[in-house]
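Working through the structure, step by step
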Amino acid sequence: MLEFIWHARGGQGAFTAARCLGAAAALSAGKEALAFPTFGPERRGAPMRAFTKIADAPIGDRSAVTRAQFVIYLDETLMEEGWEGELAEDGLVLLNTRRPVDDPRIVAIDADGISAAVLGRPIPNTAFLGAIPALTDAVGIEDIREGIRATMPAKLHEKNLAIVDAAYEELAAREIAQVRAFVAGEEPADEVTRSLSEKDPLFNLAAEILVEGDSLAEGEERSANGRDF
């Protein structure tokens, strides 16, 4: 099972992204998926977490993820001392930052800048959806596109798809490492090399989900309930 922990502040759209990733895995890639949030104080800007689980078989464990292959920070100020405790062996952190990071476990991406260039304001969640298929074979870029089309109103597709594509191309242009093998535990961190190849996307419409009115672009956190796809 592949697990994701999303760290964000209320209003950044972490649960929306977590749910869209699950939809992409189930609707397009033919996998089982579960997404759910946990909230602290229910106010905009308050720290919150969301989780995505992706597997080839039905997911029985509905508990919060404590160690994940991917730990994603939509706000870099939430990355505190001891962050390694949430990272599974050979896992990766995806960090929203403009600063260079000298740690092979951390993939830095200017998600605020990428989203602001399209939306006119920084809403980083969609950028991370574009980064994920560059780093794991669990979902492809076309799976992510189909997840967005399935879960968002049509009027929001164009801009969010543009953000996804920009983020994906950003990582591909850097020739980021055999991180797919790294995350799968096939190579140690110090042997990560600078290469990347795009897999042929799987397209197997395997499930239906309830489409709600919230969008990735708006980044609103609307539900405290987990969701199967």
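Please read these numbers as outputs of a predicted model, since none were measured by experiment. (Residues numbered from 1 in each chain as written. Predicted model: local features only at pLDDT ≥ 70, side-chain atom pairs only at ≥ 80, totals over all residues. Heavy atoms only, no water.)

To continue, consider the overall build of the chain. If you tally the helices and strands in the chain, you get six helices and seven strands. Listing every helix and strand of the chain by position from the N terminus yields β-α-β-β-β-β-β-α-α-α-α-α-β. Taking the intrachain contacts of the chain between residues at least 6 apart in sequence as the baseline, contacts between residues at least 24 apart amount to 64%. Surface exposure of the chain reaches about 10200 Å², of which carbon and sulfur atoms provide 46%. (Helix = DSSP H or I, 4+ residues; strand = E, 2+ residues; numbered from the N terminus. Contact = heavy atoms within 4.5 Å. Areas by Shrake-Rupley, 256 points an atom, 1.4 Å probe, with all protein chains shown as cover.)

Moving on: the pattern of salt bridges. According to the stated counting rule, one finds 12 salt bridges in the structure shown. Across the salt bridge formed by Arg145 and Glu142, the nearest N and O atoms sit 2.9 Å from each other. Of the two residues, Arg145 and Glu142 both sit in helix H4 (residues 141–151), three residues apart, roughly one turn of that helix. Judged by relative accessible area, Arg145 falls into the partly exposed class, the value being 21%. By relative accessible area, Glu142 is classed as partly exposed at 21%. (Salt bridge = Lys/Arg side-chain N within 4 Å of Asp/Glu carboxyl O. Buried < 20%, exposed > 50% of the residue type's maximum accessible area, 1.4 Å probe, protein only.)

The geometry of an aromatic ring pair comes down to the distance between the two centres and the angle between the two planes. Here the structure, examined in full by the defined rule, presents two aromatic pairs. Taking 5.1 Å as the distance between ring centres and 10 degrees as the angle between the ring planes, the aromatic pair formed by Phe4 and Phe70 counts as stacked. Placement of the pair is Phe4 in strand E1 (residues 2–9) and Phe70 in strand E4 (residues 68–73), with a sequence separation of 66 residues. For the pair Phe4 and Phe70, one class covers both residues: buried. With 5.2 Å between their ring centres and 40 degrees between their planes, Phe36 and Phe51 make a pair best called tilted. In this pair, Phe36 is assigned in strand E2 (residues 32–39) and Phe51 in strand E3 (residues 47–55), connecting sequence segments 15 residues apart. Owing to a relative accessible area of 9%, Phe36 belongs among the buried residues under this scheme. In this arrangement the basic side chain of Arg19 is found over the ring face of Phe15, its NZ or CZ atom lying 5.4 Å from the centre. (Phe/Tyr/Trp six-rings, centres within 6.5 Å; stacked < 30°, edge-to-face > 60°. Lys NZ or Arg CZ within 6 Å of the ring centre and 35° of its normal.)

With that out of the way, let us pick up unusual backbone geometry. Of note in the backbone geometry, Asp90 takes a positive phi value of approximately 65 degrees without being a glycine. With respect to the helices and strands, the residue Asp90 is situated in strand E5 (residues 87–96).

The next point concerns the nonpolar core. Membership of the largest hydrophobic core comes to 47 residues, with the highest contact counts inside it found for Phe4, Trp6, Leu21 and Leu94. Apart from the residues lying within four places of it in its own chain, the contact partners of Phe4 are Leu21, Ala50, Phe51, Thr52, Ile54, Val65, Ala68, Phe70, Ile72 and Ile132. By size, the runner-up hydrophobic cluster in this structure holds 17 residues, among which are Val65, Tyr73, Leu78 and Val93. (Core = buried A, V, L, I, M, F, W, Y, C linked by side-chain atoms within 4.5 Å.)

In this fold, Ala55 is placed in strand E3. Put simply, Ala55 and Ala26 are 29 residues apart on the chain and 9.3 Å apart in space, counted from C-alpha to C-alpha.

Moving on to the pairing of E4. With six of six residues buried, E4 lies mostly within the body of the structure. Examined bridge by bridge, E1 and E4 share four bridges and lie parallel to one another. Bridge assignment links Phe4 to a residue of E4, and that residue is Phe70. In terms of strand pairing, E4 meets E5 through five bridges, oriented parallel. When the sheet's bridge partners are listed, Ala68 is paired in E5 with Leu87. (Pairing = 2+ DSSP bridges.)

Attention now goes to the confidence of the model for the chain. Averaged over the chain, the pLDDT score is 80; the fraction of residues at 70 or greater is 74%. In the model, residues 177–182 has pLDDT below 50 throughout and makes 32 contacts with residues more than four positions away in sequence or in other chains. Residue range residues 184–225 is modelled with pLDDT below 50. Its contacts to residues more than four positions away, or to other chains, number 116 contacts. (pLDDT = per-residue confidence, 0-100.)

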